[in-house]
Amino acid sequence: MEWVFIMNRMGSQSSSAAQRRRMALGVVILLLVDVIWVASSELTSYIFKRQEYNKPFFSTFTKTSMFVLYLLGFLLWRPWRQQCTGSLKRRHSAFFADAEAYFASCTTDTTGNNRLSEPLYVPMKFQDVPTDHSNCLIDCESSSKKQRVRFSNVMEVRQLPSTQALEAKLSRMSYPATKDHEAMLRSVGKLTITDVAKISFFFCFVWFLANLSYQEALSDTQVAIVNILSSTSGLFTLILAAVFPSSSGDRFTLSKLLAVALSMGGVALVSLSSMDSPDGKGIVGSLWSLAGAMLYAVYIVMIKRRVDREDKLDIPMFFGFVGLFNLLLLWPGFLLLHYTGFEAFELPSQLVWTYILINGLIGTVLSEFLWLWGCFLTSSLIGTLALSLTIPLSIMADICMQKVRFSWLFFAGAVPVFLSFFIAALLCHYNNWDPVLVGLRRVYAFICRKHRIQSRWFGF
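Computed from a predicted structure; not experimentally measured. Numbers given to residues run from 1 along each chain, matching the order in which its sequence is written. pLDDT decides what is reported in this predicted model: residues at 70 or higher carry local features, side-chain atom pairs at 80 or more are listed and counted, and totals for whole chains, interfaces and linings draw on all residues regardless. The side-chain values count all of the structure's non-hydrogen atoms but skip hydrogen atoms and water molecules.

Examining the overall build of the protein chain
So, step 1. On a plain count of helices and strands, the protein chain comes out with 22 helices and 2 strands.
So, step 2. In the protein chain, which comprises 460 residues, the proportion classed as buried is 38%.
So, step 3. It only takes one pair of heavy atoms within 4.5 Å for two residues to be counted as in contact. If you take every contact in the protein chain between residues at least 6 apart in sequence, the share linking residues at least 24 apart comes to 86%.
So, step 4. In short, Shrake-Rupley with a 1.4 Å probe defines the accessible areas, and a residue's cover is counted only from the protein chains shown. When the accessible surface of the protein chain is totalled, it reaches about 28,500 Å², and 65% of it is carbon and sulfur. A run of H or I in DSSP counts as a helix once it spans at least four residues, and a run of E counts as a strand once it spans at least two, with each numbered from the N terminus. Burial status follows relative accessibility: with a 1.4 Å probe on protein chains alone, a residue under 20% of its type maximum counts as buried, one over 50% as exposed, and anything between as partly exposed.

Right, dumping it as structure tokens:
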């Protein structure tokens, strides 16, 4: 018995050590992503200002199109190939054929396809229990006094909707069965390739406009100001999610109102500090940053309404199709901007080409993969909070590399924006948490209790 206890304790210690190693690796990866993103922003600003290649549309189009490299997963990743050939789908349908057949009767009713079926009342079958007739008089007399509950002679039977047939089947499977079909079970509930492509088609335009706004902002103002104002996307997400809720956790609370107020105050101070730029483009860059943050919030809220769970969407495949549709559909933008005079089409030099390709491969494609990996190793909350580190890193990079001097308004506005980012991340993670309302209730209860004590004291 002692050996069993020692082995279990060693197993728990090894699992906790492995979890700590995963957490440490995830934190290191997220810190690396922060450095990559700040370096990517600084390199983009260097290309626009020092290399005098101020082409935000060309830069956005090239780097977003490089997402198409994710589609190489159809050649390298076996589950994607199985979805193309249909073998996984055939095995999937054969494996769950009994579950789908069991719930086939629910599919005929199109109005209640996502609800329980109509009730069906079936007579109850009670099992006869043999009794001892010698003690029948005593037992019956005592049981008649104690039994006061009457059970119905019929039971109500309802069927789950057909959309939950697979989940009902999975809930009744044994652990060895789930291990034998682990690869197949991972695909349960995931969107098909066609569905992912449709979602990517609708959202590639919003994604491109959000990134284009960020690139336009980098061409007009400092990286630190752009990153601070871009971090307000979390606050815009809270507001839009309250207006267009997709779950019960999207309701607007007093804590979210406080976070929005902090962020708006900080944004006003940072925007006022950007007005001191000599070329007069600081306020334009601030507006582009806020536009990009708002578009990114629109992208997040709308995709959450379209896809209710994160595990249903294959994110690398989604980004791969975004890059593909960007490459195929948005190239006429070069002609439109060229002939309207907003951005003349001009191929970059060999050095600038190298910078853009390196920036796209590392700062866009690789960084997105590393960020998703870091979130998988840690949590979505830590991954979101790690984004806030780009604010002090970009401030340090601008001060050390570009010798930029910021006014006191900038630092006074950076603090509330930084704090509101943390608050927004915590409120997004804990959906039903409203610490401001809880604090106000406790203060109100304390005041009422103190008032009652004083009234009793003076009453005596």
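Details of the nonpolar core
So, step 1. In these notes, a set of buried Ala, Val, Leu, Ile, Met, Phe, Trp, Tyr and Cys residues joined through side-chain atoms within 4.5 Å is what counts as a nonpolar core. Counting 25 residues, the largest nonpolar core has Phe-318 and Phe-321 as its most contacted members.
So, step 2. For this core, the elements supplying multiple residues, two or more each, are helix H11 (193-220), helix H15 (282-306) and helix H16 (315-329).
So, step 3. If you tally residues by element for this core, the top one is H11, at 7 residues.
So, step 4. Grouped together as the second largest cluster of nonpolar side chains are 16 residues, Phe-57, Ala-217, Val-223 and Val-226 included.

Some remarks on the packing of aromatic side chains
So, step 1. Two rings from Phe, Tyr or Trp (for Trp, the six-membered ring) form a pair when their centres are within 6.5 Å of each other. A pair whose planes differ by under 30 degrees is stacked, one over 60 is edge-to-face, and the rest are tilted. Throughout the structure, instances matching the rule amount to 26 aromatic pairs.
So, step 2. Measuring from ring centre to ring centre gives 5.8 Å for Phe-201 and Phe-205, while their planes differ by 85 degrees; the resulting arrangement is edge-to-face. Here Phe-201 pairs with Phe-205, and both are found in helix H11, just 4 residues apart, close to one helical turn.
So, step 3. The exposure class of Phe-201 is partly exposed, given its relative accessible area of 33%.

Things to note about H16
So, step 1. Here a helix's expected span is defined as the number of its residues, less one, multiplied by 1.5 Å. Over its 15 residues, H16 extends 21 Å from the first C-alpha to the last, a length consistent with the 21 Å expected when each residue adds 1.5 Å.
So, step 2. Listed in full, the buried residues belonging to H16 are Met-317, Phe-318, Phe-319, Gly-320, Phe-321, Val-322, Gly-323, Phe-325 and Asn-326.

Thoughts on unusual backbone geometry
So, step 1. Look at Glu-52: it is not a glycine, yet its phi comes out positive at around 55 degrees.
So, step 2. By the element assignment, Glu-52 lies in the loop between helix H1 (2-49) and helix H2 (56-65).
So, step 3. Its relative accessible area of 70% is what places Glu-52 among the exposed residues.

Points about the packing of helix H12 (residues 223-230) against H15
So, step 1. All axes are obtained by fitting lines to C-alpha atoms, using only the stretch in contact for helices, and the reported angles, taken between N-to-C directions, cover 0 to 180 degrees. Contact geometry for H12 and H15: axes closest at 8 Å, N-to-C directions at 35 degrees. The handedness of the crossing between H12 and H15 comes out as right-handed. When H12 is examined against H15, the residues Ile-225, Val-226, Leu-229 and Ser-230 are found in contact with a partner set consisting of Ser-286, Ser-289, Leu-290 and Ala-293.
So, step 2. In the contact of H12 with H15, the residues fall into 5 nonpolar, 3 polar and no charged. In this scheme, a crossing is called left-handed if the near helix is turned counterclockwise away from the far one by less than a right angle; it is called right-handed if the turn is clockwise. Classification used: nonpolar for Ala, Val, Leu, Ile, Met, Phe, Trp, Tyr, Cys and Pro, charged for Asp, Glu, Lys and Arg, polar for all others including Gly.

Here's the deal with a nonpolar patch on the surface
So, step 1. Exposure above 30% relative accessible area and the lack of any salt bridge qualify a residue for a patch; like charges then connect within 9 Å, and the nonpolar side chains Val, Leu, Ile, Met, Phe, Trp and Tyr within 5 Å. For this analysis, a salt bridge means a side-chain nitrogen from Lys or Arg found within 4 Å of a carboxyl oxygen belonging to Asp or Glu. On the surface, Leu-25, Leu-69, Leu-72, Leu-75, Leu-76, Ile-358, Leu-361, Ile-362, Leu-366, Phe-369 and Trp-373 cluster together to form a nonpolar patch covering roughly 1,000 Å² of accessible area.
So, step 2. Of the residues forming the nonpolar patch, the biggest block, 6 residues, is contributed by helix H18 (residues 350-377).
So, step 3. Tracing the chain through its elements places Leu-366 in helix H18.
So, step 4. Leu-366 sits in the partly exposed class, given a relative accessible area of 36%.

Details of the side chain of Lys-55
So, step 1. For Lys-55, the location among the structural elements is in the loop between H1 and H2.
So, step 2. One buried charged side chain, Lys-55, makes no salt bridge at all; its nearest oppositely charged neighbour is Glu-346, positioned 4.0 Å away.
So, step 3. Discounting chain neighbours no more than four positions away, the residues touching Lys-55 are Phe-48, Glu-343, Ala-344 and Glu-346. Charged residues are defined here as Lys and Arg on the positive side and Asp and Glu on the negative side; His and the ends of the chain fall outside this count.

Description of the environment of Pro-316
So, step 1. Position of Pro-316 relative to the elements: it lies in helix H16.
So, step 2. Remark: the alpha-carbon pair of Pro-316 and Phe-369, spanning 53 residues in sequence, is separated by 7.7 Å.
So, step 3. Among residues more than four places away in sequence, those in contact with Pro-316 are Tyr-70 and Trp-80.

With respect to the side chain of Ser-213
So, step 1. Relative to the helices and strands, Ser-213 is located in helix H11.
So, step 2. Pairs of N or O atoms are called polar contacts if they sit within 3.5 Å, as long as, within protein, a hydrogen donor faces a hydrogen acceptor (for residues adjacent in sequence, only side-chain-to-side-chain pairs). One polar contact links the side chain of Ser-213 to the main-chain carbonyl oxygen of Leu-209, over a distance of 2.9 Å.

Details of the confidence of the model for the protein chain
So, step 1. pLDDT is a per-residue confidence score from the predictor, ranging from 0 to 100. The predicted model of the protein chain has a mean per-residue pLDDT of 75, with 69% of residues at 70 or higher.
So, step 2. Confidence drops under a pLDDT of 50 for residues 98-113, and excluding neighbours within four residues, the segment shows 24 contacts in the predicted structure.

Brief notes about the packing of helix H13 (residues 233-243) against H15
So, step 1. The geometry of H13 relative to H15 is characterised by a closest axis approach of 8 Å and an angle of 45 degrees between their N-to-C directions. In this view, H13 runs oblique relative to H15, as classed from their interaxial angle. Once H13 is placed against H15, the crossing between them reads as right-handed. Residue-level contacts link Ser-233, Phe-236, Thr-237, Leu-240 and Ala-241 of H13 to Leu-290, Ala-293, Met-294, Tyr-296, Ala-297, Val-298, Ile-300 and Val-301 of H15.
So, step 2. The residue inventory of the contact of H13 with H15, partitioned by class, reads 11 nonpolar, 2 polar and no charged. Convention used here: angles under 35 degrees read as roughly parallel, angles over 145 as roughly antiparallel, angles from 65 to 115 as roughly perpendicular, and any remaining angle as oblique.

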